[in-house]
Protein chains: 2
Amino acid sequence: MKEKRTQNFICTTDFPVAQTVQGKIRGFQTNGIYTFHGIKYAQARRFHRPEPVKPWSGIRDALSYGFVCPLLTQDTPSCEALIPHRYWPMDENCQYLNIWTGSLDPQAKKPVMVWLHGGGFSAGSSIEQEAYDGENMSRYGDVVVVSLNHRLNILGYLDLSPFGEEYENSANAGNDDMIAALRWIQENIRSFGGDPENVTLFGQSGGGMKVWTLMQTPEADGLFHKGIIQSGVIEGFLDAGEGDGRRITEALLEELGLGKDQVKELETIPYRQLADAWLKVSPGLKKQGYYVGENPKPNDFYLGDPREVGFRPHARKIPVIIGTAFGEFDFGPGFPGKYDLEEEKILEILKEKFGTYAERLAELFKIAYPEKCLLDLLSLDNVFRAPTMDFIEERSKSSESETYSYVFAYEFPMDDGKCAWHCSEIPYVFHNADRIPICRTPGVMEKLQDAVFGAWISFARESRPFVPGLDWKKCGKDEEQVLVFDETCTLRKNFDHELVRLHREATGPFIMEEAENLQH
Amino acid sequence: MKEKRTQNFICTTDFPVAQTVQGKIRGFQTNGIYTFHGIKYAQARRFHRPEPVKPWSGIRDALSYGFVCPLLTQDTPSCEALIPHRYWPMDENCQYLNIWTGSLDPQAKKPVMVWLHGGGFSAGSSIEQEAYDGENMSRYGDVVVVSLNHRLNILGYLDLSPFGEEYENSANAGNDDMIAALRWIQENIRSFGGDPENVTLFGQSGGGMKVWTLMQTPEADGLFHKGIIQSGVIEGFLDAGEGDGRRITEALLEELGLGKDQVKELETIPYRQLADAWLKVSPGLKKQGYYVGENPKPNDFYLGDPREVGFRPHARKIPVIIGTAFGEFDFGPGFPGKYDLEEEKILEILKEKFGTYAERLAELFKIAYPEKCLLDLLSLDNVFRAPTMDFIEERSKSSESETYSYVFAYEFPMDDGKCAWHCSEIPYVFHNADRIPICRTPGVMEKLQDAVFGAWISFARESRPFVPGLDWKKCGKDEEQVLVFDETCTLRKNFDHELVRLHREATGPFIMEEAENLQH
């Protein structure tokens, strides 16, 4: 017999193996963390509700990430230095989840954190960003991390309900998949050392929207207990549009040369063809304000945007962390030598952009962010921050709500100082900052990561986010306690409301299509 | 002015910037290594020869990997625990290279190592595997690392020359791209601290084949000076097939509903359509032995497989390291408890597979690999090793040739012990073993990496591979000095010839299509 050695990587014919309701799966262990990639949690016919997978005998390998959902269009990689991506083979058969855990003991009952990826409801995947890897979060947070793929875009959100009962929830099939995953977790997570009674959803951008759409979904009640919404409330984005799926579907059928009675054909037509037809017919309808099927659509399953219909009583009681990044969609190049500019020169530049608003904005900015360069007013986000303030206000109407607010305001060492962009907090959340070169500022990276990561983990563990030395309280009525994450973290109360409202007014109408071109 | 801090990551508006013949580009610096991703080195119309890119003014960002060449079929990820992959958006406009270097001083004259990726001539990319990242190789080897994408499959190797002079080299357009990249390196690598007079090509699988096809290409003379061929000689693989491109092209035209005079249409038809047509018509022609355009085809540009046409005089003098992995295409599950089996039981299993050859093979195996489990005879590769022996023999006919031979024979800690598979040496070559969980065996990883990495680097630096304590000599006539890389590295002379020849005979005909299903 060959001498056994302590190994960092362990994967033998029968270890580590976990028992799920459907059958056994084998993952691998590295540095004490058990990892299972590509676990199939459901199966679904196109436009239909997901179903449990069939049981199997023997042991299946869970050593490779599963397919991700096909996308409408291909990305053109850019800004990879800001957000390193991972792409992956695509297939409709995409209901896969990944698990990282420090224990396979059913008694371990570790908090479970479920990552919902960004990309609106039409793009992205559970592994789309390098920073999404769950190993470090599991190790340093002593939690079970789960990430998942689900149906997206027309596969996940095209409303065919007018054409037959079998399509009753096709307008929310993607969210339906998430619920199937959450059910799978309820049934199986004990075998991975997790506590099914302490499940926290966290997600960024579209992932944040997924958190609150699931809060507004009765079927999800009891499947999760807390939510973290990172840059997940944006002006206008979830307007479903007028009407049901009849109009877009008829336009699709026509474009594809199918008759009105041939909706069934849409189930089997190659995805690429369907997607190309949608890309052709949807912009016109959308312009006219009609529903085109790119986002969840309110129905009996999903009750709608809480800023319009209010929070469901159950949703109100779900503790939430919610926040935004300082600069969000500002991915553009930096301003050379911004710290060397005289204030006079900066005001000149601000006036070019903000006209008569410039001076008042400058005053308000200096109060809200006294430590920052005044020129950062050019980068300040308002399309996430303003509706997030509304969201918090709506929540805070109820004394039952626990809502913790933050702004991620760190300035990164690029282009003479780059304000925090959309996604930039993710490496810190996952304790993966050292995997992302732009985060590796000695003396800062660890401190900032400890603050962000520590808050997320303590929230998952104890339902209250904790940042050492700060008394981060939940928001009250008209009292928003904001944790500003930066090189030095601070608590600021109602600190930027006037600034953001005026900035919103000054920057003029927000056009999602323009912002989408900037999204990563 | 904001206090400047020593930062691990540096990327300001004007640093690091390198001057190329066409214009300036900006990358980033991390931990002392300058990185430039996605530098466009050429442009090309489909089926035409590559041309230099147009000059630009100002500074272009080189912060994101460029498009990779479109593939005929999509991968189904599997065995990711063995070989972690990276996929990427695809486009024909794929002539991009990446550079990692410790200096931008034109006087630095560091050795240049150019990675040619695997995937036959039809798949893969410069970033397809996690292990391909050049940062550590550049840092720990003090070399300039370059990796590149080029045209693949029908975009890179479909012979249209019978249909017009403009297509004269479409049968080798992919290799033509590589030469354009090597020319770009000659013109520009000084600006990245590299020595254009010391360029080493290295590649694995298809990448190894690229090395020796470029050795047989007169236009490449002087553009590189040394070659490392890892698992790059395989039985039968580069048989171009009978005839020129007439037959496959006519079949394509017919399948696409085009006339014989409409070859020009193939230049603009969407790639997916062209690829689907090729996938449909090529298997039949291939079965009949005809050329179908998936590999380089001998012509005035590429002179052909040296085992058939001999080495060109120039190629003979290019120093080469060449070798294989012990198990190559054995990606299957391991044999539970193989080290606990009695020899009698093992012989029984061997007889099932090898029949009357079993006993003699066992004898020869014990002589060649006395330290290994006898059951590994099931995993032993011969379809690479046997033709590699032929390749070395052909080279060694000339006393001018310097050929260094190796077998990578490390057993990995998976499935009770897994023989080295196709690609498994790559993490050690790139000094990236600690990025690949399966390589992280304490006490072994560093030692094995030092040996492999040190040999590659010293070869690039001094034209002679060096492994401490071993006198790795070039192969002589009928004298193959083989460096066996393992937990303990050893030198063995002509140690496995009879074993491999007999093993080849015993395993029966090799069918590439079956092996392709196993390739990763």
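Computed from a predicted structure; not experimentally measured.

Caption draft 1: The interface of chain A and chain B, seen in detail. Taken residue by residue, the interface counts 47 residues in chain A and 47 residues in chain B. Scanning the region where chain A abuts chain B turns up 2 salt bridges. In this assembly, chain A and chain B are joined by 14 residue pairs in polar contact (both at pLDDT 80 or more). Taken together, the residues of the side of chain A that touches chain B sort by class into 22 nonpolar, 13 polar and 12 charged.

Caption draft 2: Up close: the sheet that holds strand β2 (residues 17-19) of chain A. Residue and element names in this part refer to chain A. The sheet built from 3 strands is open, its strands ordered β2-β3-β6 with mixed pairing. Unpaired on one side and paired on the other, β2 and β6 (59-61) mark the two borders of the sheet. Averaged over all pairs of adjacent strands, the angle between strand axes in this sheet comes to 30°, irrespective of strand direction. For strand β3 (residues 24-26) and β6, the ladder comprises 3 bridges, and the chain directions are parallel. Looking across to β6, one finds that Arg 26 is bridged to Asp 61.

Caption draft 3: Local environment of the nonpolar core. Among the nonpolar cores identified, the biggest contains 288 residues, and Tyr 369, Trp 456 and Phe 485 of chain A together with Tyr 369, Trp 456 and Phe 485 of chain B are the most heavily contacted of them. Sequence-distant contacts of Trp 456 of chain B, that is, excluding residues within four places in its chain, are made with Met 113, Phe 202, Ile 228, Gln 230, Ile 321, Tyr 406, Val 429 and Phe 485 of chain B.

Caption draft 4: Broad picture of the packing of aromatic side chains. Residue and element names in this part refer to chain B. In total, this model carries 60 aromatic pairs over all chains according to the counting rule given. Note on Phe 311 and Phe 391: the rings are 5.1 Å apart at their centroids and 90° apart in plane angle, and the pair reads as edge-to-face. With Phe 311 in the loop between α7 (306-309) and α8 (313-316) and Phe 391 in helix α11 (residues 385-395), this residue pair connects regions lying 80 residues apart in the sequence. What makes Phe 391 buried here is its relative accessible area of 0%. Judged by centre distance (4.9 Å) and plane angle (80°), the rings of Phe 326 and Tyr 369 are edge-to-face. Taken together, the positions of Phe 326 in the loop between β12 (320-325) and α9 (343-354) and Tyr 369 in the loop between α10 (358-368) and α11 put the pair 43 residues apart, joining distant regions of the chain.

Caption draft 5: Representation of the relation of the copies chain A and chain B. Between chain A and chain B, which share one sequence, the superposing operator has a rotation angle of 180° and an axial displacement of 0.0 Å; the RMSD is 0.0 Å. Expressed as a symmetry operation, the mapping of one chain copy onto the other fits a two-fold axis. The C-alpha atom lying nearest the rotation axis in chain A is that of Tyr 87 of chain A; the distance is 2.5 Å. Mapped onto chain B, 100% of the interface residues of chain A are again interface residues, and the two copies thus contact each other with one and the same surface.

Caption draft 6: Local environment of the side chain of Ser 103 of chain B. Residues and elements named next belong to chain B. Take Ser 103: it is sitting in the loop between β7 (96-101) and β8 (110-116). When its relative accessible area of 13% is taken as the criterion, Ser 103 is described as buried. Each residue touching Ser 103, except ones within four places of it in the same chain, is listed here: Tyr 34, Ala 108, Lys 110, Phe 192 and Gly 193.

Caption draft 7: A look at the packing of α9 of chain B against α10 of chain B. Residue and element names in this part refer to chain B. Two elements in contact, α9 and α10, have axes separated by 9 Å at closest approach and are oriented at 120°. It follows from the interaxial angle that α9 and α10 lie oblique. Relative to α10, the crossing made by α9 is right-handed. Facing Glu 343, Leu 347, Leu 350, Lys 351 and Phe 354 of α9, the residues of α10 in contact are Ala 358, Glu 359, Leu 361, Ala 362 and Lys 366. Grouping the amino acids of the contact of α9 with α10 by side-chain chemistry returns 6 nonpolar, no polar and 4 charged.

Caption draft 8: Quick look at unusual backbone geometry. A cis amide bond, omega -10°, links Phe 15 of chain A with the succeeding residue Pro 16 of chain A. Relative to the helices and strands, Pro 16 of chain A resides in the loop between β1 (9-10) and β2. Even without being glycine, His 431 of chain A reaches a positive phi, approximately 55°. Of note, His 431 of chain A is situated in the loop between α12 (426-429) and α13 (445-462). At Lys 109 of chain B, a residue that is not glycine, the phi angle is positive and equals roughly 45°. Following the sequence through the fold, Lys 109 of chain B ends up in the loop between β7 and β8.

Caption draft 9: Expanded view of the packing of helix α5 (residues 246-255) of chain B against helix α6 (residues 271-287) of chain B. All names here are of chain B. Running from amino to carboxyl end, α5 crosses α6 at an angle of 130°, the nearest separation of the two axes being 9 Å. Accordingly, the angle class assigned to the pair α5 and α6 is oblique. For the pair α5 and α6, the sense of crossing is right-handed. In this structure, α5 uses Arg 247, Ile 248, Ala 251, Leu 252 and Glu 255 to contact α6, whose residues at the interface are Leu 274, Ala 277, Trp 278, Lys 280, Val 281, Ser 282 and Leu 285.

Caption draft 10: Focus on the pairing of strand β10 (residues 194-204) of chain A. Residue and element names in this part refer to chain A. Burial runs high along β10: 10 of the 11 residues are buried. Bridging between strand β8 (residues 110-116) and β10 involves 6 bridges; their strand directions are parallel. Its bridge partner lying in β10, Leu 116 is registered against Gly 203. Taken together, the 5 bridges between β10 and strand β11 (residues 226-230) define a ladder with parallel strand orientation. Residue pairing across strands places Phe 202 opposite Ile 228, the latter belonging to β11. Taking the sense of rotation as the criterion, the β-α-β connection linking β10, helix α4 (residues 206-215) and β11 turns out right-handed.

Scoring rules and cut-offs
Residues numbered from 1 in each chain as written. Chains lettered and ligands numbered in written order. Predicted model: local features only at pLDDT ≥ 70, side-chain atom pairs only at ≥ 80, totals over all residues. Heavy atoms only, no water. Contact = heavy atoms within 4.5 Å. Salt bridge = Lys/Arg side-chain N within 4 Å of Asp/Glu carboxyl O. Polar contact = N/O pair within 3.5 Å; in protein donor to acceptor, adjacent residues only side chain to side chain. Nonpolar A, V, L, I, M, F, W, Y, C, P; charged D, E, K, R; others polar. Pairing = 2+ DSSP bridges. Helix = DSSP H or I, 4+ residues; strand = E, 2+ residues; numbered from the N terminus. Axes fitted to C-alpha atoms, helices over the stretch in contact; angles between N-to-C directions. Core = buried A, V, L, I, M, F, W, Y, C linked by side-chain atoms within 4.5 Å. Buried < 20%, exposed > 50% of the residue type's maximum accessible area, 1.4 Å probe, protein only. Phe/Tyr/Trp six-rings, centres within 6.5 Å; stacked < 30°, edge-to-face > 60°. Least-squares fit on C-alpha atoms with pLDDT ≥ 70 in both. Parallel < 35°, antiparallel > 145°, perpendicular 65-115°, else oblique. Left-handed = near helix turned anticlockwise from the far one by under 90°. Right-handed = clockwise from strand over helix to strand, strands pointing away.

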